[in-house]
Every structure is written in C-alpha cells, then in structure tokens.
Amino acid sequence: MLVETAFKSGVWTDTIEVKDFVAQNITPYFGTHEFLQPPTHRTIHLWNICKQALAEERQRNGLRAVDTEIVSSMTAFKAGYIDKEYEVIVGLQTDELLKRAMKPFGGFKLVQRALAEHGLKPSKTVTDYFEKYAKTHNDGVFDVYSDEIKKFRTFGIITGLPDNYARGRIIGDYRRVALYGISRLIEAKKQDLSSIVGPMTDEVIRLREEVASQIKALEEMIEMGELYGLDLSRPAENAKEAVQWTYMAYLAAVKEQDGAAMSLGSVSSFLDIYIERDLQLGIITESEAQEYIDQFVMKLRMVRHLRMESYNQIFAGDPTWVTESIGGMFIDGRTKVTKTSFRFLHTLYNLGPSPEPNITILWSKHLPQAFREYCAKVSIETSSIQYENDDVMRPSTECDDYGIACCVSLQELGKQIQFFGARTNLAKTLLLALNSGRCEYTGTQMVHEIPYIDSQYLDYDVVMKNFKTAMHEVARVYNEAMNVIHYMHDKYYYEKAQMALIDTNPKINIAYGIAGLSIVADSLSAIKYAKVKPIRNEDGLTVDFKIEGDFPKYGNDDDRVDSIACQVVQMFNEELKKLPVYKNATPTMSVLTITSNVMYGKKTGATPDGRAKGVAFAPGANPMHGRDTKGLIASLNSVAKIDYEHAKDGISNTVSMIPQSLGSTLEQRITNLVQLLDGYFSQHAQHLNVNVLDKQTLLDAMDYPELYPQLTIRVSGYAVNFVRLTREQQLEVITRSFHKHL
Amino acid sequence: MKTIRVHSIESFGTHDGPGIRMVVFLQGCNLQCIYCHNADTIPLQSGTDMTSDEIVSQAIRLKPYFGTHGGVTFSGGEPLLQAKQLIPLIEQLHVHNIHVAIDTNGTVKNVYSHNIMKQHADLVLFDIKAIDAEHFKSMTSNTLFEAHTEFIRIREQACKPYWIRYVVVPGYTDAPHHIEALCNFVQPLKYLEKLQLLPYHSHGKHKWELMNMQYTLHDVEAPCEAYMQKLSNILNKFCRVEIG
C-alpha cells in the first residue's frame, strides 16, 4: 500500500505532521457501544497467562523476575513473547513477561538498592562499569546541589523530585513510526541537523548533539523491530501494522527509559483511521479490530520498571502512567471520538478493570451523547477512568492534538515536552511563616528574613505577609533544584528515543507543583475567621494550635475560604514565574500530589486548621477529608473555582461515591454521572477522578486481597490496583469522603 | 422577609425526583409513619430558619448540575405545612428556570397547598402511605386518609404530572390485598408518570432513638431485590413502575 494514495493527502504528506493526517482522515462516530465484540479465544488465552504472571508477581513481593546482567536498551534483550502463536501484537520490554530490567543511567545506587531489597545485586561487569567509568543523572545532580537545596529536600519542603529517578513525562509521538516509517523520520532529522549551524554556542552544540543521538536512536529502533521480524523502516500498511508499529515505538521508549510517567499520548483515533479503512475494504472483521486493541492494551498493562521500596511512598501501587487520552474535539468543532475510542474503553470489559493504561477522557459538552454515556457506564462499572476538561484546555492552549502526561498535564503531541518537577509542600511553607523561617520539627533555620511572631493570637495580615516571604524563598530554592535536575537529566539520561519522535527544538514547559492546598486554605481561613492561638515550646517553636470559634472550610462552596485557596495558587504561581529556567522553559504549576499526600503529612507538624501533626493531607486539590460537609456538589464547586490559568499543569480532584448515590437504576446512574461531569466542567474545572464503589468492597479487599486481584481505584490522577497499596495508603483511601446520600 | 424552616439541604439528591436535585428537607411533619427514616424532621419546633433568597442562591450555585432533568425538590418532614411561604419561593425558582418538585404525603388541606398542587409544582411526588382509611391510621397514627386521595384528584384535574411513591414494608404494606388495592388505585390515573416502589430500610432507626421515640419495626428486614422485582412485575400491568 502506498500511504499517500490510500488516505486523503494534506500537509502531513510533505511534512511530519500526524495531527493533519488525523484531521483529514478521521471518521467520527456518533453511535452506541452495541457494535463492540467480546475477546477472541487468542486474547483470552494470553490474558490468562498474564493473570497467572500477575499473581506470581504479587506473591513474590512485587517482583516476578529481574535481569541483573543486562543494562536495558532498545536492542539489549532478544525478542520476548507471552505465547507467540497467539499474539497478533508482539513485543515485551525484556525477553520474558513481567521480567524487569536495569536502567541505571538515572542512578546506579537506586538500581543496587532496588535489587538489594530482593536479595539481589547487579552483575560484576555492570557494577564495575557504573562504579568506575560511567556517570549517571543522580551523580550529576548531587555533584551540583547546594547545601541549601539539600536541606530543603531533607526537611520535606521540596520533595519527590526526579533527582533519584528518571523524570519521565515526555510523550513521544509514537504515531509517527506507523504513519511515516522510521527511514523517513531519519531523513527529516538529518535535514534538521544539517540546518543547525554555528557559531557553536553552548546551545547550538547541545542541540546538534541531541539530534545526532535521536538519529542513532531511530536506527536502533529499526534493529529492535528486526528482532521481532518487523520492518519498521517503512510505514504501516494496514491496521494490524499500524497498531504494531505504534506499540513498537512506545516499547522503544520503555526499554530505554524508566521515567515516572511514560505516557502514550492519544493514539486511539489515529489507529481508527487504519482500522476503518481495513473494515471498509473487508480485510478485517470487528472481532479482529477489537483483538488488535485488546492485545495492544494487554501489552501496555505489562509494562514494568525496577523501583525501590521508598519510591512507593510517592507513587504507590507500582504505576507506569501509560496515559492514553481519548475523545475531545477539534478546534473546527468536529469530534475526535471514533469507534476505536469505544474499543479502547471496551478493553476494561474484555480484560477486566485495570489501572493501566491510564485511560483519560477529554470531556466536552459537545462529545457525542452515546460516547458520554458509555464513559459514565465504564466509570460506574470499573472505576478505572478519569476525565479532563477539553472545553477548558483546548481554547486555553489553542491546541487540539494533545495527550495528558502522567495525570493532569497537557502536552501538545510531537511539538512540546515537559520538565517534570514534583512539588513543594505548601503547608510546611506556611509553618515556616509562623516560625520565623524555622522547621517546626527541628528548629533548623530554613528561610531568613521572616520576623518572629510572638502575639497571643495569629493575625491574618501578619501571617500572610510572612507567608509571602516564605513562598518567595521556597520558590527560589525549588527553581534552582529544577534547573539542576533537568540540566543533568539531559546530559546523562537524555530521552533519545522519545525525542526522536518529537520536533527538533520543541516547546518546553517546566512543571512545578504544590501539595497541601486545602490545609493552607483552611488554616488561613481559621486565622481569619476564628481565633487561632499558637502553642509554643520552650524554643519558641509553634508545635500546636488552639482554635476558638468556627471558620469556613474549603470544600463547601463558601467563597470566604475558596477565594483564599484561589489566591494562594495564584501567589505561588506568580513567585515561580519570576525565576529563570533552564532551556528557557515556560513555568507552569500543578495542584497534584499523586499518593505523596500521606508522606507529606508525616513530614508536616500540626497546622492552624486543627489538623494534628503527621496526619495525611488531602490529595491534589481535594478538600480535606470529612470537612466538605455540604455534599458532593458543594465540594466540586469549591475545587472548580481554582483557575486553570494559574495552574496550567493541572488541578487534580478525586471523588468517590457509592453506586446508589447516583440513582436507583443503571440508566439513572449513567444520566446523573454525565450531568455531574457537565455541571463540574461547565464551571471550568480541569480534572476529575471518579470512583463508584462501596466502602465495604474496599474493606473486604483489605482482608482478602487474593479475591480482588483486579479491583481498581482512582487515586490522585491515576489508578491503582487497590490490593497493591500499603495498608496505610489503603486506610487513607478509605477515610476519604465517600459521598453517599440516599 | 418570610422564612422557611429547614431541616437540612442535600446538594446531590438523585432519589427524590428526576436527575440531580437539590433536596430541601423542611422541618416538621403532621404524620408519624412507623417506618419514617427521617424521624428527626418530624418535630415542628427544631430546624433552621432560612430566607427564600438564601435557598434560591444555593439553588443557583447548583444549577449547572441540574441539566434538563434536575432541579429542586422540597421534601421533609411535610413541605406543605409551609405551603404559604413555599409559593413565593417556588415562583422565585421559576424565574431562574429551575424545575421544582414537591415530595408530599398529601394530607395538608388548605388553599395554599391546593394551589401548589394545581399550578406551582412542576412535579409532585405523592407518598402514598396506605390505600384504605384503617390501614392509613395504623401506618401513620393519623386519620387524614381522605385528604390523601383528594390531593391526587386535584393534580389529575389540573392535568399535571406526578409520581406515586409506596414504601414496601414486609408484613405491613405488602399483603396481597394491599398490592391488589394499589393496582386498582393506580389503574385509572392519567397523569401518573410512574410508581416508585421503595424498599423499606432501617437506616433511619437510630434517629428514632436519638429523638427518644419508640421505633416499632425492630424485626423487619429490608425486602430483597427479587421480591421487589416480583411486586414490580405485578404492578407493571397497571402503570410504569420503578424500584427506587
């Protein structure tokens, strides 16, 4: 097949521009889910093997197998299969299912520690190489970190930074391999390289080196395909190849990199173009089309990285964030929903619920109604998907070809990347403001120039003034750490395979983040509307608070406190925006915690809102557990007030409700969930995780995990297998507000 | 300004009328049904006084969630005990294009409550307690059965839609002759959109204890799904039935 003649031509024919190909050739679908087919016997056979392997992984403490000899790369391992003759889509990260690989360029000590936790160590050759000759990202960062940065890190003010693991978040435009074939991509990159010329400034040298590595990566990708007998140098010629080629491109990325979030982008409606064509030509049946998607998704579910136990504190449940964004609208008003949008969601029935791939619906009030209802049905029956507001993100970024990186972060596909920066602990920052810049636990001086507060009651204006100084200083140190991290990641662990599938010199945004928003808002509200008396120890450190009177709490649609939350987000974002960034990246900020809200809580003393020392924060932008007493909608309305323009890296909100709270019948529940999403998103909210579960199910799963291997629950921006959370995290999930009015 | 005595407000109601609704539970009831699950709404004295403006502005905050189906439901207690104050409030909600449902036991007989039935309420949810006077008395400690059925006639004459809600309390409201009478009762009704069969549950029991009131249904268990379906199948021949 000649691709140019098989499809409607356009800009994409002459330049690398997948977006145009999709826009020209898509077949939007407005019908219902009734066309969907069950899994084939081949899919069922393979999934049974996977389920067995997953059970073994759980039994072996989360590590089914690992290779301690080979350093992973695109071509380091020979071809791996689940059961070759049943596989229509092939490719594993290593030579065996659920066998993890060492990717030491992020940090060798971490690989050693991860293996040591299972009584293993890297081979002598690998150890010698990394201890004597090679330098890693982690080595580079700690060579350069100042004492101040290290102190902020140790005391838990800036935490979870990608300085001892790979940054991830970059989404390669994996569709390019299918549409163009790798030879054409190499040609284009070679042309780019030849146009990057002197004078040889730092910037030019760096860019030439990067593009040169990308070309090598593309060549290696062809070799990787050959291991599986696939000729990736040419474009995909049919639906099966399009799925296979796209998966191979993604596989190259996860063989080479172990970034925290290795997201997929938005491939379903791209693949639909090939599937639709083959269906029209009568080459394949619907059952085969579903089989390609089922087996592709099955492979995505089997992606693994080697992690240390402590990593679990910030990212619980061994997530990989294979985020696939589905739906949304074109700027021209057409929908991007296709039959393959449905086929992707249908894998949650054909293979059962699952946290990965992290299926994200780009919600719009203009999406076809049948699709909206199907999404709601899937949420109600699987709790496996999340929603993000296309009607806010599309106009704000003027972009209609984007994927979500990780949980809530928009990335224009093939044109933009992101520098991930975890988050700062804003609640602890507030405590610095109350303690003349000292850590509330140890008394260590963290920030200077904050006057000591010795008044009997806290005064709102004084606290706000100090808080602003504290934010200014924390932002400065945070920014310094980020610049170091991304400089070193580029230098020692450059994502050459992913970057090879992105335009040369893409737009970059740096993704800062905050944790503890609800604590800060409620604390400031308590200071403003009640009387808060600090209780100080003999060193003058505030160790607790006595609150006299009541105060409005974030999560009840009360402007008095919600406006404080909005103001705090804006203030910190503005502090960050003032600072210079590596590679001139654009600063953005998220309100997202992943699952680190538990760990942040531990590192933070008592707060003026009445929260005791060590108690977990609410996740993301969620109101604090149990304080949103006016019901689900009031809670949603509070979060919806946080302005996306001040937190363009995303505002995460997770809600859990029992099925009955949505109505008596499935039909009513679907209608009401669609309406709930419309109501929330029409007020410009950005993100919603939806869990429809009984609390009792979770309690049962804690006692009998073996009976609930696939029980999936949305946490902050992603989903996990509930049984793979630690007991502490499970309890935290259970304490969260379950909305259950009957 | 006239105030309304409110017990509580639920911002995400999905069981008291169509769609997502703000449910305003008004304080005070003239009946004392033996299976009441909101016993704390019965006394006339407690609750909080709210102005119409407060209630309307809350409803406006929730309006994005109402869509084409949802709106506000006044429940209780018995909302029509405050019928006079409700009329201007409903009119205010209508100015903002908000659908209003009244969840009533249909026993409060006066010109205001009748006017609400005839014209103001977009939808009425009639809680039918019993289908004969004697049974009514045993369920509600009250003798207002005639008013009960009179209300439905008023709504029929006004040609306006309504639902009937009937709580299935095993051993109390589900005898074959109860069900048969219910079938006969609903059969001629023209503007009845649906009959909701609500399975009895004991979630409200603790409220009776908190109120120092005697709860008599100690040994009654919630009817199972299959049983509810069986009753639904019988009634389905006479009107549209939904298990709530």
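This is a predicted model, so every value here is computed, not measured.

Some details on the overall build of chain A
Piece 1. Scanning chain A for helices and strands turns up 28 helices and 20 strands.
Piece 2. The C-alpha atoms of chain A give a radius of gyration of 25 Å, which matches the 27 Å a tight globule of 742 residues would have.
Piece 3. Overall, chain A is about 80 × 65 × 50 Å in size when its C-alpha atoms are taken along their principal axes.
Piece 4. In chain A, which comprises 742 residues, the proportion classed as buried is 67%.
Piece 5. Expressed as a percentage of contacts within chain A between residues at least 6 apart in sequence, the contacts between residues at least 24 apart total 78%.

Some remarks on the interface of chain B and chain A
Piece 1. The interface is formed by 23 residues belonging to chain B together with 26 residues belonging to chain A.
Piece 2. Contact with chain A buries surface across chain B, with Phe12(B), Arg61(B) and Tyr65(B) losing the most and accounting together for 37% of the total.
Piece 3. Linking chain B with chain A are one salt bridge, by the criterion used here.
Piece 4. A salt bridge links Asp557(A) to Arg61(B), with the shortest nitrogen-to-oxygen separation between them at 2.9 Å.
Piece 5. Our count for the contact surface shared by chain B and chain A stands at eleven residue pairs in polar contact (both at pLDDT 80 or more).
Piece 6. At the level of elements, strand S1 (3-13), helix H1 (52-66) and strand S9 (241-243) of chain B are the ones that each hand at least two residues to the side of chain B that touches chain A.

Some words on the side chain of Arg304(A)
Residue and element names in this part refer to chain A.
Piece 1. As for its position among the elements, Arg304 is in the loop between helix H14 (286-301) and helix H15 (311-314).
Piece 2. Engagement of the side chain of Arg304 in a polar contact is seen with the side chain of Glu57, the distance being 2.9 Å.
Piece 3. When sequence neighbours within four positions are dropped, the list of residues in contact with Arg304 reads Leu54, Glu57, Gln93, Leu98, Arg100, Lys103, Asp318, Thr320 and Arg724.

Considering the confidence of the model for chain B
Close reading of the predicted structure is inappropriate where its pLDDT is low.
Piece 1. Across chain B, pLDDT averages 91, with 100% of residues at or above 70.
Piece 2. Here the predicted complex scores 0.95 on pTM and 0.91 on ipTM.

Brief notes about the packing of helix H3 (residues 111-120) of chain B against helix H5 (residues 145-157) of chain B
Residue and element names in this part refer to chain B.
Piece 1. Direction vectors running N to C along H3 and H5 enclose 40°, while the axes themselves pass 8 Å from each other. Judged on the interaxial angle alone, H5 and H3 are oblique. Helix-helix and strand crossings are classified by hand; for H3 and H5 the assignment is right-handed. Listed contacts from H5 to Ser113, His114, Ile116, Met117 and Lys118 of H3 are Phe151, Ile154 and Arg155.
Piece 2. Split by residue class, the contact of H3 with H5 holds four nonpolar, two polar and two charged.

A word on empty space enclosed by the protein
Residue and element names in this part refer to chain A.
Piece 1. Enumeration over the complete set of coordinates arrives at three cavities of 30 Å³ or more.
Piece 2. Space inside the second largest cavity adds up to approximately 80 Å³.
Piece 3. If you trace the second largest cavity, you find 13 residues lining it, with Leu92, Gln93, Leu98, Met302 and Val303 closest to the centre.
Piece 4. For the lining of the second largest cavity, the per-class residue count stands at seven nonpolar, two polar and four charged.

Some thoughts on unusual backbone geometry
Piece 1. Residue Glu356(A) is joined to Pro357(A) through a cis peptide bond whose omega torsion reads -10°.
Piece 2. By the secondary structure assignment, Pro357(A) is in the loop between helix H16 (339-350) and strand S5 (358-363).
Piece 3. With omega at 10°, the peptide bond leading from Gly76(B) into Gly77(B) counts as cis.
Piece 4. Checked against the element boundaries, Gly77(B) lands in the loop between strand S4 (71-75) and helix H2 (83-95).
Piece 5. Notably, His684(A) is not glycine yet its phi reads approximately 70°, a positive angle.

Digging into the sheet that holds strand S5 (residues 100-104) of chain B
Residue and element names in this part refer to chain B.
Piece 1. Judged by pairing direction, the sheet is mixed, and its nine strands sit side by side in the order S3-S1-S2-S4-S5-S6-S7-S8-S9 without closing on themselves. Looking along the sheet, the strands with just one partner apiece sit at the ends: strand S3 (48-51) and S9. Neighbouring strand axes in the sheet, compared pairwise and without regard to direction, differ in orientation by 30° on average.
Piece 2. Here S4 runs beside S5; their pairing, made up of three bridges, is parallel. Of the residues in S5, the one forming a bridge with Thr73 is Ala101.

A look at the environment of Glu373(A)
Residues and elements named next belong to chain A.
Piece 1. With respect to the helices, strands and loops of the structure, Glu373 is situated in helix H17 (residues 369-382).
Piece 2. When the C-alpha atoms of Glu373 and Thr32 are compared, they prove to be 8.8 Å apart, with 341 residues separating the residues in sequence.
Piece 3. Excluding residues within four positions of it along the chain, Glu373 makes contact with Ile670 and Val674.

What to know about the packing of aromatic side chains
Residues and elements named next belong to chain A.
Piece 1. Under the defined criterion, the tally for this structure stands at 35 aromatic pairs over all chains.
Piece 2. Centre to centre, the rings of Phe296 and Phe344 are 6.1 Å apart; their planes meet at 85°, and the pair counts as edge-to-face. Of this pair, Phe296 sits in helix H14 while Phe344 sits in helix H16, and the two are 48 residues apart along the sequence.
Piece 3. Among the residues examined, Phe296 registers a relative accessible area of 0% and is labelled buried.
Piece 4. Centre to centre, the rings of Tyr349 and Tyr374 are 6.4 Å apart; their planes meet at 40°, and the pair counts as tilted. In this pair, Tyr349 sits in helix H16 while Tyr374 sits in helix H17, placing the two residues 25 residues apart along the sequence.
Piece 5. Here Tyr374 falls in the buried class, since its relative accessible area comes to 3%.

What to know about the pairing of strand S2 (residues 99-102) of chain A
Residues and elements named next belong to chain A.
Piece 1. Along S2, one buried face is formed by Lys99 and Ala101 and the opposite face, lined by Arg100 and Met102, is buried too.
Piece 2. Bridge count between strand S1 (residues 65-71) and S2: three bridges; the pairing is parallel. If you follow Val71 over to S2, its bridge partner there is Met102.

Describing the side chain of His135(B)
Residues and elements named next belong to chain B.
Piece 1. Topologically, His135 is positioned in helix H4 (residues 133-140).
Piece 2. Overall, His135 belongs to the buried group, its relative accessible area being 8%.
Piece 3. His135 has contacts with Lys129, Ala130, Tyr166, Tyr172, Thr173 and His178, leaving out every residue within four places of it along the chain.

A short note on the packing of helix H20 (residues 460-492) of chain A against helix H22 (residues 517-529) of chain A
All names here are of chain A.
Piece 1. Two numbers describe how H20 lies on H22: the axes approach to 9 Å, and their chain directions differ by 150°. Mapping the contact onto sequence places Tyr460, Val463, Met464 and Phe467 in H20 and Val520, Leu524, Ile527 and Lys528 in H22.
Piece 2. Split by residue class, the contact of H20 with H22 holds seven nonpolar, no polar and one charged.

Digging into H4(B)
All names here are of chain B.
Piece 1. All of the buried residues in H4 are His135, Phe136, Met139 and Thr140. Mapping the buried residues of H4 onto a view down its axis gives an arc of 110°, with all of them on the same face.
Piece 2. Near the N-terminus of H4, the side chain that reaches the backbone nitrogen of Glu134, with its oxygen 3.1 Å away, is that of Asp132.

Scoring rules and cut-offs
Residues numbered from 1 in each chain as written. Chains lettered and ligands numbered in written order. Predicted model: local features only at pLDDT ≥ 70, side-chain atom pairs only at ≥ 80, totals over all residues. Heavy atoms only, no water. Helix = DSSP H or I, 4+ residues; strand = E, 2+ residues; numbered from the N terminus. Rg over C-alpha atoms; globule rule 2.2 N^0.38 Å. Buried < 20%, exposed > 50% of the residue type's maximum accessible area, 1.4 Å probe, protein only. Contact = heavy atoms within 4.5 Å. Buried area = accessible area lost by both parts, 1.4 Å probe. Salt bridge = Lys/Arg side-chain N within 4 Å of Asp/Glu carboxyl O. Polar contact = N/O pair within 3.5 Å; in protein donor to acceptor, adjacent residues only side chain to side chain. pLDDT = per-residue confidence, 0-100. Axes fitted to C-alpha atoms, helices over the stretch in contact; angles between N-to-C directions. Parallel < 35°, antiparallel > 145°, perpendicular 65-115°, else oblique. Left-handed = near helix turned anticlockwise from the far one by under 90°. Nonpolar A, V, L, I, M, F, W, Y, C, P; charged D, E, K, R; others polar. 1 Å grid on protein atoms, 1.4 Å probe; cavity = no way out; pocket = protein on both sides within 12 Å on 5 of 7 lines; lining within 4 Å. Points joined across faces, edges and corners; volume = space filled by probe spheres on them. Pairing = 2+ DSSP bridges. Phe/Tyr/Trp six-rings, centres within 6.5 Å; stacked < 30°, edge-to-face > 60°. Arc of directions from axis to C-beta.

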